[in-house]
Amino acid sequence: IILATGAGHAHLGVPGEEAFSGKGVSYCATCDGAFYRGKTVAVVGGGDVALEDAIYLSRFCEKVYLIHRRDEFRGARILQEELLSKENVEILYSHTVQEIIGNDQVTGVMLKDVKADKERYLPLDGVFIAIGIIPNTGLVESLVECDKGYVIAGEDCVTSMQGIFVAGD
């Protein structure tokens, strides 16, 4: 048996996220970023992918907010330095998205400043969520050894159970 179950993007799980998926909520800046040329967007996250997405979007969006729940990034220092050099990027440390708001399309987000315990509305044209990837291994986790949901295998694709192999990233 060859397993190639793939993975999905982690979701915020906030009101409006599902309703506006594809209508201003995206999980792929390189896929959907061009639709927001000259617009105002936010990237949610603090790892390498979020930093890379914000840098990429800053090249053609009028304004990019980077919303991160902590007061420092987990992403690589070199990406942080490049991001901080961008004049059209504003970083909102210690903020979380409470709700994604819109009509037919996203019009903004309700944010919470976790340090000040205050909420505020931030008008936006789009929201890019970059908070992680979740492997689709639920069906096989009881059959083969996994680490944080990822099937453990060698370069030969062999898993802990004879006859079961994996393929993919």
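Parameters and conventions
- Residues numbered from 1 in each chain as written.
- Predicted model: local features only at pLDDT ≥ 70, side-chain atom pairs only at ≥ 80, totals over all residues.
- Heavy atoms only, no water.
- Helix = DSSP H or I, 4+ residues; strand = E, 2+ residues; numbered from the N terminus.
- Contact = heavy atoms within 4.5 Å.
- Areas by Shrake-Rupley, 256 points an atom, 1.4 Å probe, with all protein chains shown as cover.
- Lys, Arg positive; Asp, Glu negative; His and termini not counted.
- Charge placed at Lys NZ, Arg CZ, Asp CG, Glu CD.
- Core = buried A, V, L, I, M, F, W, Y, C linked by side-chain atoms within 4.5 Å.
- Buried < 20%, exposed > 50% of the residue type's maximum accessible area, 1.4 Å probe, protein only.
- 1 Å grid on protein atoms, 1.4 Å probe; cavity = no way out; pocket = protein on both sides within 12 Å on 5 of 7 lines; lining within 4 Å.
- Points joined across faces, edges and corners; volume = space filled by probe spheres on them.
- Pairing = 2+ DSSP bridges.
- Right-handed = clockwise from strand over helix to strand, strands pointing away.

Quick question: what am I supposed to make of the overall build of the protein here?
A tally of helices and strands in the protein yields 3 helices and 14 strands. Intrachain contacts of the protein at a sequence separation of at least 6 include 54% that bridge at least 24 residues. Working note: accessible area of the protein is about 9,700 Å², and carbon and sulfur atoms make up 50% of it. The positive charge centre, built from 15 side chains, and the negative charge centre, built from 25, are 7 Å apart in the protein.

I would appreciate a short explanation of the nonpolar core in the present structure.
The nonpolar side chains of a soluble globular protein tend to be buried with one another. In terms of nonpolar packing, the biggest core is built from 20 residues, with Val43, Leu57, Val64, Leu66 and Leu83 touching the most fellow members. At the level of secondary structure, the elements contributing two or more residues to this core comprise β4 (40–44), α2 (48–58), β5 (63–67), α3 (77–84) and β6 (89–92). With 5 residues, α2 is the largest single contributor of residues to this core. For Leu57, the residues in contact, after removing those within four places along its chain, are Ala29, Gly33, Val41, Val43, Val64 and Phe128. One finds Phe20, Tyr65, Val109 and Leu122 within the second-largest nonpolar core, a separate group that totals 18 residues.

Can you help me understand the layout of surface pockets in this one?
With a probe scaled to a water molecule rolled over the atoms, the places where space remains empty come into view. Looking at the largest pocket, its volume works out to about 550 Å³. If one sorts the elements of the lining of the largest pocket by residue count, α2 sits on top with 6 residues.

I keep staring at the pairing of β6 and nothing clicks. Help me out?
The side chains of a regular strand alternate between both faces of the sheet. Here β5 runs beside β6; their pairing, made up of 4 bridges, is parallel. What sits directly across from Tyr65, in β6, is Glu90. Between β5 and its parallel partner β6, the chain crosses via α3, and the hand of that crossover is right-handed.

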